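Reading the structure
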Amino acid sequence: MSLYPLARRVLFSMNPEMAHHVIMTNLDWIVHLGLHKLVTHFPDDDPVEVMGLRFPNTIGLAAGMDKDGERVNAFGGLGFGHVEIGTITPLAQPGNPKPRLFRLIPAEGVINRMGFNNEGVDKVLENLRSADAFRLRGGILGINIGKNAVTPIENALSDYEKCLDKVYDHADYIAINISSPNTKNLRTLQGAGELDHLVKGIVDRRAKLKAERNGKHVPIAVKLAPDLENDEILRCVDTLMENGIDGVIATNTTISRKRVEGLLHAEETGGLSGAPLRERSTEVVRLIAEHVKGEIPIIASGGVMTGPDAVEKLEAGAKLVQLFTGFIYNGPKLVADCVEANAAYRRKLAG
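Nothing here was measured: the structure is a model prediction, and the numbers come from that model.

As for the UniProt feature "domain: Dihydroorotate dehydrogenase catalytic" (unreviewed entry) in the protein chain
The UniProt record annotates "domain: Dihydroorotate dehydrogenase catalytic" (unreviewed entry) at residues 48-337. The span residues 48-337 shows a helical share of 34% and a strand share of 19%, and its end C-alpha atoms are spaced 17 Å apart.

Regarding the packing of helix H10 (residues 307-316) against helix H12 (residues 333-350)
Interhelical geometry of H10 versus H12 gives an angle of 45° and a closest axis separation of 8 Å. In this view, H10 runs oblique relative to H12, as classed from their interaxial angle. Relative to H12, the crossing made by H10 is right-handed. Along the contact surface, H10 presents Gly307, Ala310, Val311, Leu314 and Glu315, while H12 presents Leu334, Asp337, Cys338, Ala341, Asn342, Tyr345 and Arg346. Class assignment of the residues belonging to the contact of H10 with H12 gives a composition of seven nonpolar, two polar and three charged.

Considerations on the sheet that holds strand E3 (residues 59-61)
Around the barrel, which closes on itself, the eight strands sit in the order E3-E4-E7-E8-E9-E10-E12-E13 with parallel pairing between neighbours. On average, each strand axis in the sheet is inclined to that of its neighbour by 25°, with strand direction left out of account. With three bridges connecting them, strand E10 (residues 247-250) and strand E12 (residues 298-301) associate as parallel partners. If you follow alanine 250 over to E12, its bridge partner there is alanine 300. Across the sheet, helix H6 (residues 156-167) is in contact with strand E4 (82-88), strand E7 (140-145), strand E8 (173-177) and strand E9 (220-224); its angle to E7 comes to roughly 155°.

Overview of the packing of aromatic side chains
Two measures describe an aromatic ring pair: the distance that separates the ring centres and the angle between the ring planes. Scanning all chains against the criterion turns up five aromatic pairs. On the numbers, 6.4 Å between centres and 45° between planes, the contact of phenylalanine 55 with tyrosine 173 is tilted. Pair noted here: phenylalanine 55 is in strand E2 (residues 53-55) and tyrosine 173 is in strand E8, with a separation of 118 residues, a long-range link. On the basis of relative accessibility, which here comes to 0%, the residue tyrosine 173 falls in the buried class. Each ring, one from phenylalanine 75 and one from phenylalanine 80, has its centre 6.2 Å from the other, and the planes form 65°; the classification is edge-to-face. Given the relative accessible area of 0%, phenylalanine 75 is considered buried. Feature note: the residues Phe75, Phe80 and Phe327 constitute an aromatic cluster, connected by ring pairs. The ring centre of phenylalanine 12 lies 4.3 Å from the NZ or CZ of arginine 103, which sits over that ring.

Concerning the environment of glutamate 268
Secondary-structure assignment places glutamate 268 in the loop between E10 and strand E11 (271-274). Looking at glutamate 268, the relative accessible area reads 24%, which means it is partly exposed. Counting along the chain gives 150 residues from glutamate 268 to asparagine 118, while the straight-line C-alpha distance between them is 22 Å. What glutamate 268 contacts, discounting residues up to four positions off in sequence, is Phe102, Ile111, Arg113 and Arg257.

Side note on the layout of surface pockets
As a volume, the second largest pocket reaches approximately 220 Å³. Forming the boundary of the second largest pocket are Pro226, Asp227, Thr254, Ser256, Lys258, Arg259, Leu272, Pro276, Leu277, Glu279, Arg280 and Glu283. Ranked by residue count, the leading element in the lining of the second largest pocket is helix H9 (residues 278-292), at three residues. For the lining of the second largest pocket, the residue count by class is four nonpolar, two polar and six charged.

With respect to the pairing of E4
Taken across its seven residues, E4 has seven buried, putting it largely inside the fold. Inspection of the sheet shows E3 paired to E4 by two bridges, in the parallel sense. Paired with leucine 61 across the strands is valine 83, a residue of E4. Crossover E3 to E4 through helix H3 (residues 72-77) is right-handed. With five bridges joining them, E4 and E7 adopt parallel strand pairing. Across the sheet, valine 83 pairs through a bridge with leucine 141, a residue of E7.

What to know about the pairing of strand E6 (residues 109-112)
It is a general feature of regular strands that their side chains alternate between the two faces of the sheet. Judged by which residues are buried, E6 turns out to be covered on both faces: Gly109 and Ile111 on one side and Val110 and Asn112 on the other are all buried. Here four bridges tie strand E5 (residues 101-104) to E6, and the two strands are oriented antiparallel to one another. Note that in E6 the partner of phenylalanine 102 across the bridge is isoleucine 111.

Procedures and definitions
Residues numbered from 1 in each chain as written. Predicted model: local features only at pLDDT ≥ 70, side-chain atom pairs only at ≥ 80, totals over all residues. Heavy atoms only, no water. UniProt positions renumbered as here; feature names shortened; annotations may be inferred. Helix = DSSP H or I, 4+ residues; strand = E, 2+ residues; numbered from the N terminus. Axes fitted to C-alpha atoms, helices over the stretch in contact; angles between N-to-C directions. Parallel < 35°, antiparallel > 145°, perpendicular 65-115°, else oblique. Left-handed = near helix turned anticlockwise from the far one by under 90°. Contact = heavy atoms within 4.5 Å. Nonpolar A, V, L, I, M, F, W, Y, C, P; charged D, E, K, R; others polar. Pairing = 2+ DSSP bridges. Phe/Tyr/Trp six-rings, centres within 6.5 Å; stacked < 30°, edge-to-face > 60°. Buried < 20%, exposed > 50% of the residue type's maximum accessible area, 1.4 Å probe, protein only. Lys NZ or Arg CZ within 6 Å of the ring centre and 35° of its normal. 1 Å grid on protein atoms, 1.4 Å probe; cavity = no way out; pocket = protein on both sides within 12 Å on 5 of 7 lines; lining within 4 Å. Points joined across faces, edges and corners; volume = space filled by probe spheres on them. Right-handed = clockwise from strand over helix to strand, strands pointing away.

Rendered as structure tokens:
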């Protein structure tokens, strides 16, 4: 019998934010002492090149789990090929009032309205010593950036530029979060004029940073919401490609409550993740993949609870897959399960 259901029972007896704190506080020594090997094993490499980077495997940790970049090596030790930290903002901020994290256990879902709680970019960069060993052995570090809650939406670009300036030398790739439902008006940045202005500004700033660093190119990916209409999603993707963005992350959490109606906590505001998001998220990946025909890589995030769920994302057209809520419900073994399921699928394709 796996030990994780036992651990989960203990963790699920706590409120979700406390359980997260307990995991994050203890993860380093658990991995350092090898105790995670009681519930999982380290998967073989299955390297894949995406955005000009060599990822050791197709599975990554989605943003939101290690917001402050404190446990990158530990997550790498669980088998993740890439770890995306954040979302981080120029200044530290506490996020939204608690409670702000809710489990929808029968649906294997989570609703969060954390609101970009983080220690601010300067402190997070200090914490990133936690990524050195991971990157040394080929792990890929993504840094997800956003805007401060107090920054007016019309000044959003300046927050993204501040973060970009500071993280440029520390990230393997940078993710732009304009699709969280938990920062007021943030999703309006996906509107036609707003997105064009923001993305142009970000790409111009990168060109400047690149020139100052002898042409060092740090790829940028933009994370989109699943709640946009399909034609709006494709408009966003076209804007990203026209401006030279390197990747698209599909998708963020959803404000839809389809599949969870009537469940305890289903009425809470915030973004829903986990199994109820899987179908729409995969649909968005497929929609984008059919539209872009390989011109821009897709990183899939949303509802991956099993190895076959990860394969489903690759079949839909994704190059990489990220886990978050599935990791909470199914534990570290999910990482190896997904890496190995995707490796088998890719071998079959290469045939």
